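Here is what each chain is made of, one letter per residue.
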There are 2 protein chains.
Amino acid sequence: MFSMRDMFRSAREGTLAAVAILLFVTAAQAQSDPLPSWNDTAPKASIIAFVEKVTKEGSPEFVSEPQRIAVFDNDGTLWVEHPMYTQLAFALDRVKALAPQHPEWRTKQPFKAAIEGDMETLASSGDKGLLELLMATHAGMTVDDFQKVVTDWLSTARDPRFNRPYTELAYQPMVELLAYLRANGFKTFIVSGGGIEFMRPWTEKVYGVPPEQVVGSSIKTEFRMQDDMPTLFRLPDVNFIDDKAGKPVGINQQIGRRPIAAFGNSDGDLEMLQWTTMAGAPARLGMLVHHTDAEREYAYDRNTEFGRLDKALDAAAIAGWTVIDMKADWKTIFKD
Amino acid sequence: MFSMRDMFRSAREGTLAAVAILLFVTAAQAQSDPLPSWNDTAPKASIIAFVEKVTKEGSPEFVSEPQRIAVFDNDGTLWVEHPMYTQLAFALDRVKALAPQHPEWRTKQPFKAAIEGDMETLASSGDKGLLELLMATHAGMTVDDFQKVVTDWLSTARDPRFNRPYTELAYQPMVELLAYLRANGFKTFIVSGGGIEFMRPWTEKVYGVPPEQVVGSSIKTEFRMQDDMPTLFRLPDVNFIDDKAGKPVGINQQIGRRPIAAFGNSDGDLEMLQWTTMAGAPARLGMLVHHTDAEREYAYDRNTEFGRLDKALDAAAIAGWTVIDMKADWKTIFKD
């Protein structure tokens, strides 16, 4: 005959068993699901289908491992680019930090606007003003010193809305995608309009992408012997703009192979996706992150200063690129 | 009692046993010697000592795997550069092949000299003339088309002295060194003054170095949509000269890390060796191939048009770089 205590014990054991089964199932699912932050919607399915067909030996769409090159835009594709590019936030903070050494900036635009946080005047200074700010904050030091400045800034700066370090605003679904591709023999590259030396100090830690796999915009550098020590000095002179039609050029210059998968989010990525997917070969993947989630991140496309997605959105429909609807397709945006 | 036949059989068995032992010992030696084409002289010992100390965990000179970057010059360091750079032989052959489409070349220098094989007049046209030849033969087509031209040429062209395809004139000791470094967790890069797109079609096959690990000189390219297909078009305009002080710049632009080992053979490699070895860190290796073997290859240093080794030879003594005496230190030069 069962006592109340026996029944209780039995129930408890049942619960424990159920919990054990649940844990086991969850662990098994986690193991079998390489993209747990993605909802089970079309984009996730098309990623997995693509990877399976190019990695299946003997299949007509098989791609040998050295040819499995995947390229990713950075701003807006791998991490947040609103309310402004993180590199611009860095430049503005640098102007403020350097202002005491530049008393002339107090009356000189666009520096005055940057110091006062007068974003309207700053915007009205246009590309020319922006370039002046970039050169004043990014040049005039060695490559090693600039790396240290970037690393120091990132260790203390916080995104104003999310109140987190910028490097914690990497999109978790994309971080999983990078790892999933690498686990399947892909070499993953960043191909960004952002500064190559602004990215390299942290891309390995945040995305698993080493410095030699970062392609980006750059200023000129010069080799100098200083006190019998070799240095590379950063000059206030644009070397290369890795954006729009520059992206295929940068890919060819630095990688020397045509990628088989490309991921972007804006018109700046249009030519990179064309170069990658319109190669006459069967197995190519082009994807665009569409920012549709004002609640968890931001919602923008055709009308925005940072990351305009207009021509590339129209092209996606024609070229068969997958558009990721951030709100619908991503279970989580950031790592907790 | 032993018959003659028994004795003979016994002797034969003894011989077979001796042969078997010999084969075993040779195989074991081959296995334990990663650099069989190197004589047991100082350079081989210093390479092995360097690799052992940077790969030994816990040692004060241990270098983590991602930081194990080794850079190699190409012409004169990995393959033959006399009587002229192979890329120049290619350009001269291309002028001849393209001449029927350019009747004006028959009377125009330096093309006339190139067509007629008049090397003296060609040399007198200087860098300006050389650049004209390079642009006429290297630009004006897509990247894909140029790759095909290079591959086709290399499949038929023969070095006049050795009567072998140029790609068979890679130095076997250096090919072994590349493989030895990779087996020890190094990433090997080519950093050459030669054209990046001239090297990429064959470096993987010949040296095991993939296109994305080739740094070199380049002309500008332009992204174009042609008949709805994306192409990269090669323009007759210098983009980057990866030589002398340009080598550290190219290394930083494309690799983004400072190498820990550098191998060169001429003054064009001086700054690369400085940048690599003069970093204030203990474990750095700088080596120069000194062409001392007129019989098996060539002998030249301070007085030559191709691969002058003068300042870098003086610097080696001060900086502690190892100078490889080709004649004394290499058991074989080319693969049989």
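Every chain begins its residue count from 1, and numbering advances along the sequence as written. Naming scheme: in the order in which they are written, chains are lettered from A and ligands are numbered from 1. In keeping with the model being predicted, local features are shown solely for residues with a pLDDT of at least 70 and side-chain atom pairs are shown and tallied solely at 80 or more, while totals for entire chains, interfaces and linings include all residues. As a rule here, side-chain values come from all non-hydrogen atoms in the structure, and water together with hydrogens is ignored.

- The name that an unreviewed UniProt entry assigns to chain A is Haloacid dehalogenase, with the source organism given as Rhizobium grahamii CCGE 502.

1. Quick word on the overall build of chain A
Item 1. Each helix is a run of H or I in the DSSP string that is no shorter than four residues. Each strand is a run of E no shorter than two, and both are numbered from the N terminus. Counting its secondary structure elements, chain A contains 13 helices and 8 strands.
Item 2. Expressed as lengths along the three principal axes of its C-alpha atoms, the size of chain A is roughly 90 × 55 × 50 Å.
Item 3. Exposure classes here rest on a 1.4 Å probe applied to the protein chains alone. A residue is buried below 20% of its type maximum, exposed above 50%, and partly exposed in between. Counting the 336 residues in chain A, one finds 50% classified as buried.
Item 4. Whether two residues touch is decided by their heavy atoms; if any such pair falls within 4.5 Å, the residues are in contact. For chain A, the share of sequence-separated contacts (at least 6 apart) that also reach a separation of at least 24 residues comes to 67%.
Item 5. The convention is simple: Lys and Arg are positive, Asp and Glu are negative, and His and the chain ends are not counted. To locate a charge, take atom NZ for lysine, CZ for arginine, CG for aspartate or CD for glutamate. Here chain A contributes 36 positive and 46 negative side-chain charges, whose respective centroids are spaced 3 Å apart.

2. Here we look at the relation of the copies chain B and chain A
Item 1. Least-squares superposition of the copies uses the C-alpha atoms of those residues scoring a pLDDT of at least 70 in each of them. Mapping chain B onto chain A calls for a rotation angle of 180° and an axial translation of 0.0 Å; the resulting RMSD is 0.0 Å. Read as a symmetry element, the transformation amounts to a two-fold axis. For chain B, the smallest separation between a C-alpha atom and the rotation axis is recorded for glutamine 254 of chain B, amounting to 3.0 Å.
Item 2. Counting the interface residues of chain B, we find that 100% of their copies in chain A are interface residues as well, pointing to one common contact surface.

3. Things to note about the interface of chain B and chain A
Item 1. Counting from both sides, the interface comprises 41 residues of chain B and, opposite them, 41 residues of chain A.
Item 2. For the chain B and chain A pair, buried surface summed over both sides reaches about 3,100 Å², with 51% attributable to carbon and sulfur atoms.
Item 3. By buried area we mean how much accessible surface two parts lose on assembly, using a 1.4 Å probe and totalling the loss over both. The three residues of chain B that bury the most area against chain A are Glu212, Phe223 and Gln253 of chain B, which together make up 20% of that side's buried surface.
Item 4. Put simply, a salt bridge is a Lys or Arg side-chain nitrogen that is within 4 Å of an Asp or Glu carboxyl oxygen. For the pair chain B and chain A, the interface holds 8 salt bridges.
Item 5. The salt bridge involving aspartate 144 of chain A is made with arginine 258 of chain B; its shortest N-O contact spans 3.6 Å.
Item 6. Under this definition, polar contacts are N or O atom pairs within 3.5 Å; protein pairs additionally need one hydrogen-donor-capable and one acceptor-capable atom, and for neighbouring residues in sequence, both atoms have to be side-chain atoms. Between chain B and chain A we count 20 residue pairs in polar contact (both at pLDDT 80 or more) in total.

4. Points about helix 2 (residues 42–55) of chain B
All names here are of chain B.
Item 1. By this rule the span expected of a helix is its residue count minus one, scaled by 1.5 Å. End to end, helix 2 covers 20 Å across 14 residues, agreeing with the expected 20 Å (1.5 Å per residue, within 8%).
Item 2. Of the positions making up helix 2, those classed as buried are Pro43, Lys44, Ile47, Phe50, Val51 and Val54. One side of helix 2 carries all its buried residues, which in axial view fall inside an arc of 130°. Opposite the packed face of helix 2, turned more than 90 degrees from it, sit the exposed residues Ala42 and Glu52.
Item 3. Residues of helix 2 that are buried sit in contact with helix 8 (172–183), strand 5 (261–264), strand 6 (285–292), strand 8 (322–325) and helix 14 (326–329). Along the arc lie the directions from the helix axis toward the C-beta atoms.

5. Quick notes on the pairing of strand 6 of chain B
All names here are of chain B.
Item 1. Among the 8 residues that make up strand 6, 7 are buried, leaving the element largely enclosed by the rest of the structure.
Item 2. Think of it this way: DSSP has to see at least two bridges between two strands before they count as a pair. As judged from the 4 bridges shared by strand 5 and strand 6, these two strands associate in the parallel manner. Bridge pairing links alanine 262 to glycine 286 in strand 6.
Item 3. Seen with the strands pointing away from the viewer, any crossover whose path from the first strand over the helix to the second strand runs clockwise is right-handed. Read as a crossover between parallel neighbours, the route from strand 5 over helix 12 (residues 270–277) to strand 6 is right-handed.
Item 4. As paired strands, strand 6 and strand 8 are joined by 4 bridges and run parallel to one another. Looking at the pairing, valine 289 lines up with isoleucine 324 of strand 8.
Item 5. Relative to strand 7 (residues 299–300), strand 6 is paired through 2 bridges, and the arrangement is antiparallel. Looking at strand 7, one finds that histidine 291 is bridged to tyrosine 300.

6. What about the side chain of serine 192 of chain B?
All names here are of chain B.
Item 1. Structurally, the position occupied by serine 192 is in strand 2 (residues 187–195).
Item 2. Serine 192 sits in the buried class, given a relative accessible area of 0%.
Item 3. Within the structure, serine 192 has its side chain in polar contact with the backbone nitrogen of glycine 194 (distance 2.8 Å).
Item 4. Apart from residues lying up to four places away in sequence, serine 192 is in contact with Asp73, Asn74, Asp75, Met199, Val215, Gly216, Ser217, Asp242 and Lys247.

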